[in-house]
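Results of the structural survey
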Amino acid sequence: MATSIRSRGGGGGRITPYKSLFFVSAIAISFFFFVFFVFTSDDGDDATPDLNTGFGSTRRSVLAMKSDPLKQRLDQIKKQAEDHKSLVLAYASYARRSKLESSKLVRVFADLARNYTDLITNYKSLSESDSVSMDESVLRQFEKDVKLRIKDTRQVIADAKESFDRELKIQKLKDTIFAVNEQLTKVKKQGAFSSLIAAKSIPKNLHCLTMKLMEELIANPEKYADEDKSPELEDPSLYHYAIFSDNVIAASVVVNSAVKNSKEPFKHVFHVVTDKMNLGAMKVMFKMRQYNGAHFEVKALEDYTFLNSSYVPVLKQLESANLQKFYFENKLENATKDTSNMKFRNPKYLSMLNHVRFYLPEMYPKLHRILFLDDDIVVQRDLTGLWDIDMDGKVNGAVETCFGSFHRYAQYMNFSHPLIKENFSPKACAWAYGMNFFDLDAWRKEKCTEQYHYWQTLNENRTLWKLGTLPPGLITFYSTTKPLDKTWHVLGLGYNPSISMDEIRNAAVVHFNGNMKPWLDIAIPQFRPLWTKYVDYEMEFVQQCNFGL
């Protein structure tokens, strides 16, 4: 028999599925509100009902705290401070490992890290307080302080970045090196130009001496009148020297040093050639001293009438408009652009005194051998041994200057020109002008002057070599030069201060080639006494012109 359950109150009926579902739902909703009440209540605190809401708390719930914009700002500011603190600590650690020369960076980064720690500590109360008690003005001050610290941090890191960024350091170093090289190149050009001016200008005391000697000639013309030509001047059995100079004091030092170091001065003959302007001063200079019986001949270029533009290619070329423009229309700002060509723009290369050396056989037709000396040399021992050297049929006896790849023919001539390339070797060893022993008989036989004329004419446009006398000399005596022992001639005293004194003491002749001539203020100090010891300081004119100062 089926049994039915009736409802209370006398009404009977069955519990339907709908009623059961409603019952379960009610229980779930009640449980939800219970859980919600428990989790939204703060443990250990009494909750007072809010008259407006029905229930609540004076403190905000956890859910409300998470959505509070003040808390979010606080967390963000703290995170920025902590991140930058970690950053400066990392930089400080790297600086210690790198052992930077400036320990100041380590101290700066450490101080910044402490500032962040102190700042966070000072505002610790913000994070420990709830949202109701949080003062927004304090939070804004905290944010302001943190931003100031971050700004300082970023500035310090930016300033110190090159100490840590190696690529940046390398690039900056490259930029610095490039800028310094540019400046150095400019200064070198200016210095070379200034040095060239200083080297080729006439010093005040040298000008003074020339004027004093000319005054003496004008005051006493009969005392310095030309004498009859001495037979010794053409005696081939004597030792003959050729000196071509417009520098009175320099020429006198060459002669004085050669005479004082010769064993038999009366066997030595000096042929001094100068220009018309300095002829009178040069005559007075050599006639005022006896030089222990040595013989002298002082002449001007103009006395050699065959040296004219119809015979001498250089003189003909000097009359050309192109060459005059090359020298005299060159602006100052352009003069320093090419330091390699600068010295060749010196007007001294226009002087025939530099080219007259190629006409020795015609100037002294009765002589067999002659020793050519530049006016910036000093003789330190007797040179008569040169006349005992077997020249082996060669024309020019000279000291070679090449070593390694330096001072080879390639440095003096244009080997891209077919004529130069076909006739000469770029590796041939160069030799020095300044002390050259010439066999004039071999010169005449080899027709060296004609060779010089041929090549000089071809070089009218300066396409074979630059101006000067060494390149045409290397060409003229290409296969007719006999190398001499290096102790005969030591060069470089006018530009190289590192020449050893032992090498100088063993030299027969020392050569002040270069811009630092011994009669100039720019002379190399340790070498200058080698020259000044042969200056005739006893002469009153030398004293009056302060050559001893």
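Up top is the structure.
Source: prediction; values computed, not measured.

Conventions and cut-offs
Residues numbered from 1 in each chain as written. Predicted model: local features only at pLDDT ≥ 70, side-chain atom pairs only at ≥ 80, totals over all residues. Heavy atoms only, no water. Disulfide = S-S within 2.5 Å. Helix = DSSP H or I, 4+ residues; strand = E, 2+ residues; numbered from the N terminus. Buried < 20%, exposed > 50% of the residue type's maximum accessible area, 1.4 Å probe, protein only. Axes fitted to C-alpha atoms, helices over the stretch in contact; angles between N-to-C directions. Parallel < 35°, antiparallel > 145°, perpendicular 65-115°, else oblique. Contact = heavy atoms within 4.5 Å. Nonpolar A, V, L, I, M, F, W, Y, C, P; charged D, E, K, R; others polar. Phe/Tyr/Trp six-rings, centres within 6.5 Å; stacked < 30°, edge-to-face > 60°. Lys NZ or Arg CZ within 6 Å of the ring centre and 35° of its normal. Pairing = 2+ DSSP bridges. Right-handed = clockwise from strand over helix to strand, strands pointing away. Core = buried A, V, L, I, M, F, W, Y, C linked by side-chain atoms within 4.5 Å. Salt bridge = Lys/Arg side-chain N within 4 Å of Asp/Glu carboxyl O.

Comments concerning the state of the cysteines
In this structure the tally under the stated criterion is 2 disulfides. A sulfur-sulfur separation of 2.1 Å characterises the disulfide bridge that pairs Cys 208 with Cys 545. Residues Cys 208 and Cys 545 share a disulfide whose torsion about the S-S bond is about -75°; that sign makes it left-handed. Of this pair, Cys 208 sits in helix 8 (residues 204–219) while Cys 545 is found in the segment after helix 22 (540–544), placing the two residues 337 residues apart along the sequence. Residue Cys 545 is classed as buried on the basis of its relative accessible area, which comes to 4%. Put simply, Cys 402 and Cys 429 are joined by a disulfide, and their sulfur atoms are 1.8 Å apart. Note on the Cys 402 and Cys 429 pair: the S-S dihedral is about -105°, so by sign convention the disulfide is left-handed. Of the two residues, Cys 402 sits in the loop between strand 6 (396–398) and helix 16 (418–423) while Cys 429 sits in the loop between helix 16 and strand 7 (435–439), which places them 27 residues apart along the sequence. With respect to burial, Cys 402 and Cys 429 carry one shared label: buried.

Notes on the packing of helix 8 against helix 10 (residues 279–287)
For the pair helix 8 and helix 10, interaxial distance at closest approach is 8 Å and the crossing angle is 80°. By the criterion of interaxial angle, the relationship of helix 8 to helix 10 is roughly perpendicular. Residues Thr 210, Leu 213, Met 214, Glu 216 and Leu 217 of helix 8 form the contact with helix 10, whose participating residues are Gly 280, Ala 281, Val 284 and Met 285. Within the contact of helix 8 with helix 10, the residues separate by chemical class into 6 nonpolar, 2 polar and 1 charged.

Details of the packing of aromatic side chains
What the rule picks out here adds up to 28 aromatic pairs. Between the NZ or CZ atom of Lys 299 and the centre of the ring of Tyr 304, over which it lies, the distance is 4.5 Å.

A few points about the pairing of strand 2 (residues 268–274)
With respect to burial, strand 2 is a largely interior element, 7 of its 7 residues being buried. Direction of pairing for strand 1 (residues 239–244) relative to strand 2: parallel, over a ladder of 6 bridges. Paired with Tyr 239 across the two strands is His 268, which belongs to strand 2. For the crossover that starts at strand 1, traverses helix 9 (residues 248–260) and ends in the parallel strand 2, the hand is right-handed. Across 6 bridges, strand 2 lies against strand 3 (residues 295–300) in parallel orientation. Residue pairing in the sheet places Val 269 in a bridge with His 295 of strand 3.

What to know about the sheet that holds strand 9 (residues 489–490)
Strand order in the open sheet formed by 3 strands is 5-10-9, and the pairing between neighbours is mixed. On the outer flanks of this sheet lie strand 5 (377–379) and strand 9, each paired with one strand and no other. Inspection of the sheet shows strand 9 paired to strand 10 (residues 509–511) by 2 bridges, in the parallel sense. When the bridges of strand 10 are listed, His 489 appears paired with Val 509.

So, the nonpolar core
Among the nonpolar cores identified, the biggest contains 64 residues, and Ile 249, Leu 371, Leu 373, Leu 383, Leu 386, Trp 488 and Leu 493 are the most heavily contacted of them. Per-element accounting of this core gives the leading share, 9 residues, to helix 9. Residues in contact with Leu 383, not counting those within four places in the same chain, are Tyr 241, Leu 371, Trp 488, Ala 508 and Val 509. Core analysis: the next-biggest nonpolar cluster, separate from the first, contains 44 residues, Leu 315, Met 413, Phe 415 and Phe 424 among them.

Focus: the pattern of salt bridges
All chains considered together, the criterion is met by 13 salt bridges. Ionic pairing is found between Arg 289 and Asp 536, a salt bridge with its closest N-O pair at 2.7 Å. With Arg 289 in the loop between helix 10 and strand 3 and Asp 536 in the loop between helix 21 (528–532) and helix 22, the pair connects residues that are 247 residues apart, well separated along the chain. On the basis of relative accessibility, which here comes to 26%, the residue Arg 289 falls in the partly exposed class. Lys 517 serves as the salt-bridge partner of Asp 376, at 2.5 Å between the closest nitrogen and oxygen. Note that Asp 376 is positioned in the loop between strand 4 (369–373) and strand 5 and Lys 517 in the loop between strand 10 and helix 21, a separation of 141 residues in sequence. Its relative accessible area of 5% is what places Asp 376 among the buried residues. Overall, Lys 517 belongs to the buried group, its relative accessible area being 10%.

Considerations on helix 18 (residues 448–458)
Those residues of helix 18 not exposed but buried are Cys 448, Thr 449, Tyr 452, His 453, Trp 455 and Gln 456. Buried-residue contacts for helix 18 involve helix 11 (313–318), helix 15 (360–363), helix 16, helix 17 (440–446) and helix 19 (470–476).

Some remarks on the pairing of strand 7
Summarising burial for strand 7: 5 of the 5 residues are buried, a large majority. Pairing of strand 4 with strand 7, which is carried by 5 bridges, proceeds in the antiparallel orientation. Bridging across to strand 7, Leu 373 finds its partner in Met 435. With 2 bridges joining them, strand 6 and strand 7 adopt antiparallel strand pairing. From the neighbouring strand, Asn 396 faces strand 7, where its bridge partner is Phe 438.

Re the environment of Glu 319
As for its placement among the helices and strands, Glu 319 is situated in the loop between helix 11 and helix 12 (321–328). Under the relative-accessibility criterion, Glu 319 is labelled exposed at 54%. In this structure, the C-alpha to C-alpha distance between Glu 319 and Ser 309, residues 10 residues apart in sequence, is 8.5 Å.

Focus: the environment of Ala 442
With respect to the helices, strands and loops of the structure, Ala 442 is situated in helix 17. For Ala 442 and His 368, which are 74 residues apart along the polypeptide, the C-alpha to C-alpha distance reads 8.7 Å. If we ignore the near neighbours within four places in the chain, the residues touching Ala 442 are Gly 393, Lys 394 and Val 395.

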